[in-house]
Amino acid sequence: MNDMNWLAIYPEILLLAMGCVVALVDLWVTDEQRRPTYWLTQLTLVVVAAMHFCYFDAGMTTYAMQGMVVADPMGHLLAGFACVATLITLVYARPYAGVREMLKGELFILSLFSLLGVNVMLSANNFLVVYLGLELMSLSLYALVALRRDHAVSTEAAMKYFVLGALASGFLLYGLSMMYGATGSLTIPEVFDVISKGAPNRAVLVFGVVFVVAGLAFKLGAAPFHMWVPDVYQGAPTAITLLIGAAPKLAAFAITVRLLVEGMIGLAVDWQQMLVVLSIMSLLVGNLAAIAQSNLKRMLAYSTIANMGFMLLGMASGVVNDSTLSAANAYSSAMFYAVTYVLTTLGTFGMVILLSRQGHEAEEIKDLAGLAKRSPWFALVMTMFMFSLAGVPPTVGFYAKLAVLQALVSTHETAYIYLAVFAVIVSLVGAFYYLRVVKVMFFDEPTDTAPITAPSDVRFVMSLNGAAVLVLGLLPGGLMALCAQAIVKALAT
């Protein structure tokens, strides 16, 4: 282990430096469209993403800062996807923010710092680094939700997000402090060693795991810690909703793997049962509550809860038996699910942003009425996103759900096979509200006959997003192999 290997944290150092540079450059920008700030931010995201993907391709695991930071293939792959997700979000957000007095330097600066928090979480090998990244990401997002200071709904959403986020951070911090008290270490591999040797304070360890899982469940938006998701998704400006729903989900998945799998696998019999309960509740609450929603953003929020429940099923099926291959298959299916869900979320909320205009938010399902007559192409792309969320072939959402179900069935445990059947049934219920959106787009009369206009870059990225959902559904093997490779190398270190 090379403690001073700064190469491991070059992407984070670059993000921090460029965040400061963007803040300084923005002081001198007079252009109302903030073009210099925007393009400098996008260039930063492209360079950092390229660095992460190059490091992933190298396949090495390196450590820095006395072992508190780890740069492994899983972290690099997820960080690269997080940078791409933030880049796409800002492409969608720029026209939307421009007509709502949100196109300020703060939008780009805080987006970079929230991404920096995501990167820190992805490379954390120490409890304190996990918490540092979590707070950096969360505080940036709290400020972004309140960016429209004269908008009462956004301010209310920011207050709810801040209060409940502080509570969840307290849960996680308290749980980590209990783990430290029982193991005497803050470093994740050392915690693993102590637990695997049979720590004498098992009751304290289990108590700590309960609080850790509760904190993680909040960040994932899993029931019953989901109360913030619908209110924040609906109340925040749609561009900020997309920032909350994309890259942070990858970070939440990563720290779940880091803490529970890499650090506390010896307590799997305890946290595995908690994940199963969380997944069942999330699937039920998310799918049943979404049926009653008329607000599109609120419906997609409950959809997020249900999808996180599905992802947790993959996480919970990874340690049923002693097969390392089976565990890696389960975690890689959960990682594949998280990545493809973020890809689909980018498109769905991107379409909501695209259909919004000055003085009007396209937040209601009825706002999509007759979209096929106004823009057949955008209606087709939105249909792809809805089918993917519902798990309809040949979209990538179908293969993602299939991968998780295969991981459950391959355990050969009766309880997990019943869980797979339950997930299929609940998903069929959930398909109703996705197909309702498709019905409204194609069969309802439009309430607004004005042509849909969008900048060429937004049209291009939206079309590319829809094509990716379809192509990855037809050819999922490449991305699935990348996820499996990342997980296997992460578990091997």
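A brief look at the structure comes next. Not measured: the values here are computed from a predicted model.

The rules behind these values
- Residues numbered from 1 in each chain as written.
- Predicted model: local features only at pLDDT ≥ 70, side-chain atom pairs only at ≥ 80, totals over all residues.
- Heavy atoms only, no water.
- Salt bridge = Lys/Arg side-chain N within 4 Å of Asp/Glu carboxyl O.
- Helix = DSSP H or I, 4+ residues; strand = E, 2+ residues; numbered from the N terminus.
- Buried < 20%, exposed > 50% of the residue type's maximum accessible area, 1.4 Å probe, protein only.
- Axes fitted to C-alpha atoms, helices over the stretch in contact; angles between N-to-C directions.
- Parallel < 35°, antiparallel > 145°, perpendicular 65-115°, else oblique.
- Contact = heavy atoms within 4.5 Å.
- Nonpolar A, V, L, I, M, F, W, Y, C, P; charged D, E, K, R; others polar.
- Patch = residues over 30% accessible without salt bridge, like charges linked within 9 Å, V, L, I, M, F, W, Y side chains within 5 Å.
- Areas by Shrake-Rupley, 256 points an atom, 1.4 Å probe, with all protein chains shown as cover.
- Phe/Tyr/Trp six-rings, centres within 6.5 Å; stacked < 30°, edge-to-face > 60°.
- Lys NZ or Arg CZ within 6 Å of the ring centre and 35° of its normal.

**Points about the pattern of salt bridges**
Right, on to step 1. In this structure the tally under the stated criterion is 10 salt bridges.
Right, on to step 2. Among the ionic pairs, glutamate 156 bridges to lysine 160, the shortest N-O distance being 3.1 Å. With a gap of four residues between them, glutamate 156 and lysine 160 both fall in helix α6 (residues 152-183), about one helical turn apart.
Right, on to step 3. One salt bridge in this structure joins glutamate 363 and lysine 297, with 3.3 Å as the shortest N-O distance. Here glutamate 363 is found in the loop between α14 (324-355) and α15 (371-374), whereas its partner lysine 297 is found in helix α13 (residues 296-316), with 66 residues between them in sequence. Comparing glutamate 363 with lysine 297, the two get one shared label, buried.
Right, on to step 4. Three or more residues are tied together by salt bridges with common partners; here these are Glu156, Lys160, Asp231 and Arg298.

**Regarding the packing of helix α3 (residues 73-98) against helix α20 (residues 477-492)**
Right, on to step 1. α20 packs onto α3 with a crossing angle of 140 degrees between their chain directions and a minimal axis gap of 7 Å. Considering their axes alone, α3 and α20 lie oblique with respect to each other. Between α3 and α20, the residues in contact are Pro73, Met74, Leu77 and Phe81 and Leu479, Leu482, Cys483, Ala486, Ile487, Lys489 and Ala490, respectively.
Right, on to step 2. Among the residues making up the contact of α3 with α20, the classes are represented as 10 nonpolar, no polar and one charged.

**A word on a nonpolar patch on the surface**
Right, on to step 1. A cluster of nonpolar side chains, Trp6, Leu7, Tyr10, Ile13 and Met65, forms an exposed patch at the surface whose accessible area comes to about 460 Å².
Right, on to step 2. When you line up the elements, methionine 65 lands in the loop between β1 (62-64) and β2 (69-71).
Right, on to step 3. On the accessibility criterion, methionine 65 (32% relative accessible area) is partly exposed.

**Overview of helix α9 (residues 228-235)**
Right, on to step 1. In terms of burial, α9 is a largely internal element, six of the eight residues being buried.
Right, on to step 2. Every buried residue of α9 is listed here: Trp228, Val229, Pro230, Val232, Tyr233 and Gly235.

**Quick look at the packing of aromatic side chains**
Right, on to step 1. As enumerated under the stated definition, the model contains 15 aromatic pairs in all.
Right, on to step 2. Ring centres 4.9 Å apart and planes at 85 degrees place the aromatic pair tyrosine 142 and tyrosine 161 in the edge-to-face group. Highlighted residues: tyrosine 142 in helix α5 (residues 127-145) and tyrosine 161 in helix α6, separated in sequence by 19 residues.
Right, on to step 3. Ring centres of tyrosine 161 and tryptophan 228 lie 5.1 Å apart, and the angle between their planes is 10 degrees; this geometry places the pair in the stacked category. Note that tyrosine 161 is positioned in helix α6 and tryptophan 228 in helix α9, a separation of 67 residues in sequence.
Right, on to step 4. Tryptophan 228 gets classed as buried once you look at its relative accessible area, which sits at 3%.
Right, on to step 5. Chaining the aromatic ring pairs together yields one cluster made of Tyr142, Tyr161, Phe162, Phe218 and Trp228.
Right, on to step 6. Looking at arginine 94, its charged tip hangs above the ring of tyrosine 38, at a distance of 4.3 Å from the centre.
Right, on to step 7. Stacked on the ring of tyrosine 96, the Lys or Arg arginine 100 has its end atom at 3.9 Å from the ring centre.

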